[in-house]
Amino acid sequence: MKRTYDEINEKVRNGDAVVLTAEEVISLVDEKGVEAAAEEVDVVTTGTFGAMCSSGAFLNFGHSDPPIKMGRVWLNDVPAYTGIAAVDCYIGATELIEGDGEDYGGAHVIEDLIAGKAVKMRADAEGTDCYPRKEIESFISLDSLNEAYMFNPRNAYQNYAVGVNSSNRTLFTYMGKLLPRYGNATYSSAGQLSPLMNDPHCRTIGIGTRIFLGGGEGYVAWQGTQYNTSHPEKNGVPVGNSRTLAVIGDLKGMSTDYIRALSIHGYGVSMAVGIGIPIPILDVDMMRACAVKDEDIYAPIIDYSVESRRRKTLAEVSYADLRTGSIEIFDRRLKTSSLSSYPKAREIAQELKRWMEEGEFEISRPVAPLPAESRVKPLNISTREELE
Amino acid sequence: MSIHRKYLLAFTPESAKLPVIAVLVQKFGIIPNIMQARVNEKGGRLVLDIEGEKDSLEKAKAYIQEQGIEMKELDKHVSRDEWRCIHCGACVSICPAEAFHVDPATYEVLFNAEKCIACEACINACSPKAMKLELW
Ligand code: SF4
Ligand code: SF4
């Protein structure tokens, strides 16, 4: 059985593509077998909705009269990066509001913009012959901006760790609130619904792949930062944080249903990003990959009280176990918490499925593949001589 | 001048083993009056009326919190902003009162306000900031 991108899109345009979510396809494969399922299904949709710190947006304000070449810019008192052209900036999701507070940051600015709210912009500059203005203050909104597009250098992590805490005090980490003495365990992946779990070697996901991003259309722009293919696999899926995607998409098409600012206590601000990727069933192997279930996908349990990047894996646990609400390690029962939203991941996969069934969203063949092999280098403190 | 405060203490299975009341008396000179107790090896809750000097109360409070015991002055309640809740589940494993549970069919996180003992543990665990503390 073989199917091409063009054949699938032809069916999408005619409104007769058979699309199932990565969850729905599991029972179909169980029932009819992988070959029959591959014959039947054209596309499998995936979804994930969780904290993705490495996110942000490029904004262009337009020129004022007299014009300004912004030296520094703040949006609702959150600094944005403007070391690019005169009125372009990048607002990073994790940037915190100036002064004190971890409850408002770049992600909140982005959420407010998407919600249609007015945002206070303030900038200063040295002033030049061509850009004489030295200060500006104005309200801006998504409609008043020229371009506003999200560009997230690292999203949609393929698998991640499970956090626990062996110390005697509560830890506030990017893996959430970890209670002392192994008081709980937290995890953050949509597992069987997650995009990169369903195409674990990125056969169909590559540069240029059209995706669901934050409620609108987006694209895979590049491999994500810290793209890692070196983790051992179990049932064809890597155990631990592996591949990642850099994604791009128009802020103007997005919705606050699928982009949500987070304030992670003791850590800072982050942003929950909704991503869905359609996986074309090109052959039986692709269907086999999409039939992956939570029982087959394992995550390493990591003790976050160890203050070193070389934290050892305590054990491996399946997402099916994590989702029961508790896991057992060292003869203890730990309650589990998901940090990413499974109901939202489902909603995204369903929404993408609906778009495709209604012929509104076609799949795209990657322009170039993502790296077949890539390792993550640590940062070792070096001298110039060691590097040159 | 000695003052009275009423607190609700929520224990995990681990912290339930600690001799908290004895420490309060011996180390901080606090007079505890146990109003309600439901603590066993699985953890549980304790409603305490404590009496002592203002700064020893503060120190005792800091000690209790350092032990990983959630502590709550009983003058408030929490509510959930349903729109801000993304149904992640971060709150589920940290609530000592089991006020949250995950619907096995939809995976939505259901909040049962009646079980809530207003310990506030979920307020800073909920990163979308859906859980809010309110005064009665
Ligand atoms: S942690 Fe907050 S957002 Fe997540 S399920 Fe609980 S109440 Fe909802
Ligand atoms: S305040 Fe939050 S954590 Fe504490 S009992 Fe109520 S719902 Fe549970």
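Residues numbered from 1 in each chain as written. Chains lettered and ligands numbered in written order. Predicted model: local features only at pLDDT ≥ 70, side-chain atom pairs only at ≥ 80, totals over all residues. Heavy atoms only, no water.

Enquirer: How should I be thinking about the overall build of chain B in this particular structure?
Expert: Helix and strand counts for chain B stand at 2 helices and 8 strands. Secondary structure elements of chain B, listed N to C terminal, follow the sequence β-α-β-β-α-β-β-β-β-β. Taking the principal axes of the C-alpha coordinates as reference, chain B spans close to 50 × 30 × 20 Å. Considering chain B as a whole, with its 136 residues, one finds that 46% of them fall into the buried category. (Helix = DSSP H or I, 4+ residues; strand = E, 2+ residues; numbered from the N terminus. Buried < 20%, exposed > 50% of the residue type's maximum accessible area, 1.4 Å probe, protein only.)

Enquirer: How do you make sense of the site of ligand 1 when you look at a structure like this?
Expert: If you check the shell around ligand 1, you find B:Arg80, B:Cys85, B:Ile86, B:His87, B:Cys88, B:Gly89, B:Ala90, B:Cys91, B:Val109, B:Cys126, B:Pro128 and B:Met131 and nothing else. For the shell around ligand 1, a count of residues per class yields 9 nonpolar, 2 polar and 1 charged. (Near = heavy atom within 4 Å. Nonpolar A, V, L, I, M, F, W, Y, C, P; charged D, E, K, R; others polar.)

Enquirer: Is there a simple way to think about the pattern of salt bridges in this case?
Expert: Where side chains of opposite charge bring their charged atoms close, a pairing between them can arise. Residue and element names in this part refer to chain A. Within this structure, the stated rule accounts for 29 salt bridges over all chains. When the shortest N-O distance is used, the salt bridge between arginine 3 and aspartate 42 registers 2.9 Å. Linking arginine 3 in the segment before α1 (5–14) with aspartate 42 in the loop between α3 (34–40) and β2 (43–45), this pair joins segments that are 39 residues apart in sequence. With relative accessibility at 12%, the residue arginine 3 sits in the buried group. With a closest N to O distance of 3.0 Å, glutamate 351 and arginine 354 form a salt bridge. Of this pair, glutamate 351 and arginine 354 both sit in helix α8 (residues 342–357), 3 residues apart, which is roughly one turn of the helix. A single network of salt bridges, built from pairs that share partners, joins Arg3, Lys11 and Asp42. (Salt bridge = Lys/Arg side-chain N within 4 Å of Asp/Glu carboxyl O.)

Enquirer: Looking at this structure, I do not really get the nonpolar core. What am I missing?
Expert: The tendency in soluble globular proteins is for nonpolar side chains to be buried as a group. Within the largest apolar cluster, 105 residues are counted, with the highest numbers of intra-cluster contacts made by A:Leu59, A:Phe61, A:Leu75 and A:Leu251. Ranked by residues supplied to this core, first place goes to α8(A) with 7 residues. Every residue in contact with A:Phe61, bar those within four places of it in the chain, is listed here: A:Met70, A:Val73, A:Leu75, A:Val87, A:Cys89, A:Met121, A:Ile140, A:Ser144, A:Leu145 and A:Asn146. Grouped together as the second largest cluster of nonpolar side chains are 23 residues, B:Cys95, B:Ala97, B:Val109 and B:Phe111 included. (Core = buried A, V, L, I, M, F, W, Y, C linked by side-chain atoms within 4.5 Å. Contact = heavy atoms within 4.5 Å.)

Enquirer: Where do I start with the pairing of strand β21 (residues 268–276) of chain A in this structure?
Expert: Regular strands place side chains that alternate from one sheet face to the opposite one. Residues and elements named next belong to chain A. Among the 9 residues of β21, 9 are classified as buried, and the element is accordingly described as predominantly covered. Alignment of strand β3 (residues 48–51) against β21, held across 4 bridges, turns out to be antiparallel. When the sheet's bridge partners are listed, alanine 51 is paired in β21 with alanine 272. Two strands pair when backbone bridges link them, and strand β15 (residues 210–213) and β21 are joined in this way by 2 bridges, in the antiparallel orientation. Note on β21: the bridge partner recorded for leucine 213 is isoleucine 275. (Pairing = 2+ DSSP bridges.)

Enquirer: How should the sheet that holds strand β9 (residues 135–140) of chain A be read in this particular structure?
Expert: Strand pairing in a sheet is mediated by backbone hydrogen bonds. Such pairs are either parallel or antiparallel. Residues and elements named next belong to chain A. Taken together, the 4 strands give an open sheet; going across it, the order is β6-β5-β8-β9, and neighbouring strands pair in antiparallel fashion. Each edge of the sheet is formed by a strand with only one pairing partner; in this case those strands are β6 (78–80) and β9. For this sheet the average axis-to-axis angle between neighbouring strands, irrespective of direction, equals 25°. Bridging between strand β5 (residues 72–75) and strand β8 (residues 119–124) involves 4 bridges; their strand directions are antiparallel. Looking at β8, one finds that tryptophan 74 is bridged to arginine 122. (Axes fitted to C-alpha atoms, helices over the stretch in contact; angles between N-to-C directions.)

Enquirer: I tried to follow the site of ligand 2 on my own but got confused; where do I start?
Expert: The full set close to ligand 2 counts 14 residues, and B:Cys95, B:Cys116, B:Cys119, B:Glu120 and B:Cys122 are the nearest of them. Classifying every residue of the shell around ligand 2 gives 13 nonpolar, no polar and 1 charged.

Enquirer: Is there a simple way to think about the interface of chain B and chain A in this case?
Expert: In many analyses, interface size is given as the accessible surface area lost on bringing the parts together. Taken together, the contact pairs 32 residues of chain B with 33 residues of chain A. Buried area between chain B and chain A, both sides added, is near 2500 Å², and the carbon and sulfur share of it is 51%. The largest contributions to the chain B side of the interface with chain A come from B:Ile86, B:Ser93 and B:Tyr107, which together make up 24% of the buried area. Counting across the interface, chain B meets chain A through 4 salt bridges. The closest approach of N and O atoms between B:Glu14 and A:Arg332, which form a salt bridge, is 3.1 Å. On inspection of chain B and its partner chain A, the count reaches 19 residue pairs in polar contact (both at pLDDT 80 or more). Here the residues of the side of chain B that touches chain A are counted per class, giving 15 nonpolar, 10 polar and 7 charged. (Buried area = accessible area lost by both parts, 1.4 Å probe. Polar contact = N/O pair within 3.5 Å; in protein donor to acceptor, adjacent residues only side chain to side chain.)

Enquirer: Just checking my understanding: could you explain the pairing of strand β25 (residues 326–329) of chain A for this structure?
Expert: Residues and elements named next belong to chain A. Side chains Ile327 and Ile329 of β25 all project onto a buried face; the interleaved residues Ser326 and Glu328 project onto a face where none is buried. Bridging between β25 and strand β26 (residues 332–338) involves 4 bridges; their strand directions are antiparallel. Following the sheet pairing, isoleucine 329 is matched in β26 by arginine 332. Hairpin connection between β25 and β26: a loop of 2 residues separates the two successive antiparallel strands, and phenylalanine 330 in this loop has a positive phi of roughly 50°.

Enquirer: What's the story with the packing of aromatic side chains in this structure? I'm lost.
Expert: In this description, a pair of aromatic rings is defined by centroid distance and the angle of the planes. Enumeration over the complete set of coordinates arrives at 15 aromatic pairs over all chains. Among the aromatic side chains, those forming a connected cluster through ring pairs are A:Tyr157, A:Tyr160, A:Tyr174, A:Tyr267 and A:Tyr304. The ring of A:Tyr298 carries A:Lys234 above its face, with NZ or CZ at 4.3 Å from the centroid. Positioned over the ring face of B:Trp83 is A:Arg260, at 3.8 Å from the centre of the ring. (Phe/Tyr/Trp six-rings, centres within 6.5 Å; stacked < 30°, edge-to-face > 60°. Lys NZ or Arg CZ within 6 Å of the ring centre and 35° of its normal.)

Enquirer: Help me understand the domain arrangement of chain A in this model?
Expert: All names here are of chain A. Under the domain assignment, chain A is made up of domain 1 (5–52 + 151–357) and domain 2 (71–146). Each of domain 1 and domain 2 was reduced to a C-alpha centroid, and the two centroids are 32 Å apart. On the domain 2 side, the residues contacting the 20 residues of domain 1 number 19 residues. The contact between domain 1 and domain 2 buries some 1500 Å² in all, and 67% of this surface belongs to carbon and sulfur atoms. The three residues of domain 1 that bury the most area against domain 2 are Leu251, Lys252 and Val269, which together make up 40% of that side's buried surface. Counting across the domain 1 and domain 2 interface gives 0 salt bridges. Here domain 1 is connected to domain 2 by 5 residue pairs in polar contact (both at pLDDT 80 or more). For the side of domain 1 that touches domain 2, the elements supplying multiple residues, two or more each, are β10 (148–155), β20 (259–264) and β21. Broken down by element, the side of domain 1 that touches domain 2 gets its largest block of residues, 6 residues, from β20. A breakdown of the residues in the side of domain 1 that touches domain 2 according to their chemical character gives 11 nonpolar, 7 polar and 2 charged. (Domains from an automatic or database assignment.)

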